[in-house]
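An overview of the molecular structure
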Amino acid sequence: MQADGSSIDTDPADPNETATHKVVLELTGNEGGNALSDIYVNYSVDPAYNGSVANVTKEDVLRVGVDVDESGDIDQQAKDLKRVLHPHNGTLVFDFGGDTSLKDNESVIVVFNNTTNPTTGEYNVSVDVNTGSKFDPVNTTLKVGPNVTDYETNETEVTGYEPASDHDEIIDSAPPNPGQTATHHVAIATSSNEVGNSLSDIQVNYHADGSFDGSVQDVGIEDVKKVGFDIDGDGDIDVSTMDDLKSVTTTNVGETVTFDFGGNYGIKDDYGVIVVYSDVQNPTSPGNYTVQADINVQSTKNPRTGSLVLANYTFRNLTLHNYTALNATYNNTTVLNSTWNNTTIVNSTFTNVTQNRTVWTNVTVQNATLNNTTFYNTTWRNVSVVNETWCNQTWQNVTVTNTTWANGTACNVTWTDSTLRNATWNNTTIYNTSLVNVTWQNTSVVNSTLVNTTWNNTTVWNTTLNNTTVVNSTLVNTTWNNTTTTNVTVTNATLTNVTFQNVTLSNVTISNVTWTNVTITNETWENTSVTNATWSNATLANGTWENTSFYEFDLTDTTFENVTFDDSDVRDVTFEDTSLDEIAHDRSRLENFTVDDEDLDDGVVDDEKIKKEKKYIKKTNNGDGNS
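Rules used throughout
- Residues numbered from 1 in each chain as written.
- Predicted model: local features only at pLDDT ≥ 70, side-chain atom pairs only at ≥ 80, totals over all residues.
- Heavy atoms only, no water.
- Helix = DSSP H or I, 4+ residues; strand = E, 2+ residues; numbered from the N terminus.
- Buried < 20%, exposed > 50% of the residue type's maximum accessible area, 1.4 Å probe, protein only.
- Contact = heavy atoms within 4.5 Å.
- Areas by Shrake-Rupley, 256 points an atom, 1.4 Å probe, with all protein chains shown as cover.
- Pairing = 2+ DSSP bridges.
- Axes fitted to C-alpha atoms, helices over the stretch in contact; angles between N-to-C directions.
- Salt bridge = Lys/Arg side-chain N within 4 Å of Asp/Glu carboxyl O.
- Phe/Tyr/Trp six-rings, centres within 6.5 Å; stacked < 30°, edge-to-face > 60°.
- Patch = residues over 30% accessible without salt bridge, like charges linked within 9 Å, V, L, I, M, F, W, Y side chains within 5 Å.
- Lys, Arg positive; Asp, Glu negative; His and termini not counted.
- Charge placed at Lys NZ, Arg CZ, Asp CG, Glu CD.
- pLDDT = per-residue confidence, 0-100.
- Core = buried A, V, L, I, M, F, W, Y, C linked by side-chain atoms within 4.5 Å.
- Polar contact = N/O pair within 3.5 Å; in protein donor to acceptor, adjacent residues only side chain to side chain.

Within the chain, the regular secondary structure consists of one helix and 70 strands. Burial status across the chain gives 50% buried among its 627 residues. The long-range share in the chain, meaning contacts at least 24 apart out of those at least 6 apart in sequence, stands at 40%. Here the chain has roughly 24,900 Å² of accessible surface; of this, 40% comes from carbon and sulfur atoms.

The following block contains the structure:
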């Protein structure tokens, strides 16, 4: 059934990552003349496959239809997708209503989100169409790994945008932001005096609004993304006229664009005409701009007037490839089920923006401001955030991977049920922030400040904190594993039910900190100062404290086990209900100890020996602090 042109590709191609898959099925022989009833994709045909498509639903389908001209893009949309079925684990069936016709040598394309890639490797995937009439699948190969190229094209692609409900139906812009290069979508209902004639031209006149300061001067024939007839009134092109487009010209100081055709397509009753073109420069200010659109201008002259509205848009099933947003403003905007690939956002403002089920890959955000922005079920991958201000943010079910945050400020931010992996925070200030059920993995925090921060049910793995200040912060039910902290200051903090495992603290200052129900295992403290600290119900095991100072230190119900003090200074310390097991101190100063109800084992074992030990220290240190 399918020829060798069938394929399956993933974006991104990284193993174990949430990804978008594109399936192409080239048709031959027995499918010509039939209607599309289903698309079958079976990953489980390969026993080595260990990814997942269990979460793919109808809402995850970004686009589906027929490639008529072998361009690799959809020319005829399949608008009758009813549901996505999961007949068994690892298999998807996209079920259609039978309204889309198929011809020989065409290709069926379906693009969908919410898959989970398997581990690195090549996997057989079985694909087919119309399995109810004849089941003859062929195998394609899904390639996953760090050296695999993502499937996105080298051209800018903007798809799936949809205007908000209060926008005019004649023209809309993607993105809908002032001062930005955009793609415009024009839809014109045909009039009675146009029916029966051939399509000779489409004209879009922005010059009708005297306040329009944008431009269509750069729009050329290569910028036309699609053009044709909407037969059933659903807003999609059913009959493409791309092969009849002859030229694109601009007039009125670059504010009117005309698309000329060869006249080979007739206009029928109730047809709509649609043209989508890029390289439009939006006007510099938000607002409503009068635009006139017409067809067959020379013969009928019946322009329709609409409004280009910039702001308050909803983006659904949006794909941005190799896209640059410069000096853009996003106000009261919603982004749903969208993918941003190789996108640059510079000097832009996001206000009251919601992003839901959106993937950001290879994105750079620079000199931008995000206010009152919400990210739900969003994935950030290979993202660079530079010189940003992020305030009043909510992040929920968000995955951040291989992301760099530099010279930024984050304030009044809530992170919930989220994962940060292989991320770097550099010269960043974070304050009034709450982290709940968050995992930090292989993350580096450098030259940063965390103020008034709450960490709740948070896991920190393989993370580095360097030249970082933590002030007025609370850590609750938090686990730190294989973490290095260097040149860090922790002040006025509370740690409750926290576990530190395989942690290194170097050149760290801890002041006015309360530790409750804290477990510290396999830790190294080096060149560290602990002042005015309270430890309650805490355990320290298998630790080394080197060149470390403890002043005005209160330990209650605390256990020290297999701990070594080396070149350390411990003064004004109170031990209450504390267990000291196998404690060694070398060249360390112990002064002004208060010991109450302690259990001293293999170290200083009783009050009398404490006195003798203190007397010995005083006698032998000769004022140099060494014993």
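There's more to say after this.
Spatially, the five strands line up as an open sheet ordered 6-7-3-9-10, and their pairing is antiparallel. Across the chains shown, the open sheet's two edge strands, defined by having one partner strand only, are strand 6 (81–85) and strand 10 (138–144). Strand after strand, the sheet turns through a mean of 20° between neighbouring axes, direction not considered.

Evaluation of the coordinates by the stated rule reveals six salt bridges. Between Arg381 and Glu17 there is a salt bridge whose closest N-O contact spans 3.6 Å. Taken together, the residues Arg381 in strand 34 (residues 379–381) and Glu17 in the loop between strand 1 (7–11) and strand 2 (18–26) connect sequence positions 364 residues apart. By sharing partners, the salt bridges in this structure join Lys82, Arg83 and Asp95 into a single network.

Let us look at the packing of aromatic side chains. How two aromatic rings sit relative to each other is set out by the distance from centre to centre and by the angle between their planes. Scanning all chains against the criterion turns up 19 aromatic pairs. With a centroid separation of 5.2 Å and 85° between ring planes, the pair formed by Tyr40 and Phe135 is classed as edge-to-face. Within this pair, whereas Tyr40 is found in strand 3 (residues 38–42), its partner Phe135 is found in the loop between strand 9 (121–129) and strand 10, the two being separated by 95 residues in sequence. The exposure class assigned to Tyr40 is buried, which follows from its relative accessible area of 11%.

Before going further, it helps to examine a negative patch on the surface. Taken together, Asp69, Glu70, Asp73 and Asp243 make up a surface patch of like negative charges. Structurally, the position occupied by Asp69 is in the loop between strand 4 (61–67) and strand 5 (76–77).

Averaged over every residue, the pLDDT of the chain is 78; the share at 70 or more is 80%. Model confidence for the chain, summarised as mean pLDDT per element, is weakest for strand 70 (residues 599–601) at 38 and strongest for strand 18 (residues 256–261) at 97. Low confidence marks residues 153–168, where pLDDT is under 50. Its contacts with residues over four positions away, or in another chain, come to 48 contacts. When the criterion is pLDDT under 50, residues 592–627 qualifies, and its contacts beyond four places in sequence or with other chains add up to 47 contacts.

Before going further, it helps to spend a moment on the environment of Leu465. Within the secondary structure, Leu465 sits in strand 47 (residues 464–466). A residue is classified by how much of its surface remains accessible, and Leu465, at 8% relative accessible area, is buried. Taking the C-alpha atoms as reference points, Leu465 and Thr483, separated by 18 residues in sequence, lie 7.8 Å from one another. Once you skip the residues sitting within four places of it in the chain, Leu465 turns out to touch Val445, Trp480, Thr483, Thr484, Thr485, Thr486 and Val488.

This part takes up the pairing of strand 45 (residues 449–456). With seven bridges joining them, strand 42 (residues 429–436) and strand 45 adopt parallel strand pairing. Within the sheet, the bridge partner assigned to Thr429 lies in strand 45 and is Thr449. Pairing analysis gives three bridges linking strand 45 to strand 48 (residues 469–471), with the strands arranged parallel. Of the residues in strand 48, the one forming a bridge with Val451 is Val471. Judged from the three bridges that link them, strand 45 and strand 49 (residues 474–476) form a sheet pairing that is parallel. What sits directly across from Thr454, in strand 49, is Thr474.

Ranked by internal contacts, the top residues of the largest apolar core, which has 57 residues, are Trp380, Trp395, Trp415 and Trp515. Of all the secondary structure elements, the ones that give two or more residues to this core are strand 36 (389–396), strand 39 (409–416), strand 42, strand 45 and strand 60 (529–536). Among the nonpolar cores identified, the runner-up in size contains 31 residues, and Ile170, Phe212, Tyr289 and Val291 belong to it.

The next subject is unusual backbone geometry. With an omega of 0°, the peptide bond running from Asp11 to Pro12 counts as cis. Non-glycine residue Asn252 carries a positive phi angle of around 55°. Checked against the element boundaries, Asn252 lands in the loop between strand 17 (245–251) and strand 18. Judged by relative accessible area, Asn252 falls into the partly exposed class, the value being 36%. Here Asn407, not a glycine, exhibits a phi torsion of approximately 55°, which is positive. Mapping Asn407 onto the fold places it in the loop between strand 38 (404–406) and strand 39.

This part covers the side chain of Asn205. Here Asn205 lies in strand 14 (residues 201–205). A residue is classified by how much of its surface remains accessible, and Asn205, at 15% relative accessible area, is buried. From its side chain, Asn205 meets the backbone nitrogen of His207 in a polar contact 2.8 Å long. Of note is the side chain of Asn205, whose polar atom sits 2.7 Å from the side chain of Thr256. With residues near it in sequence (within four places) discarded, Asn205 still touches Asn252, Glu255, Thr256, Thr290, Val291 and Gln292.

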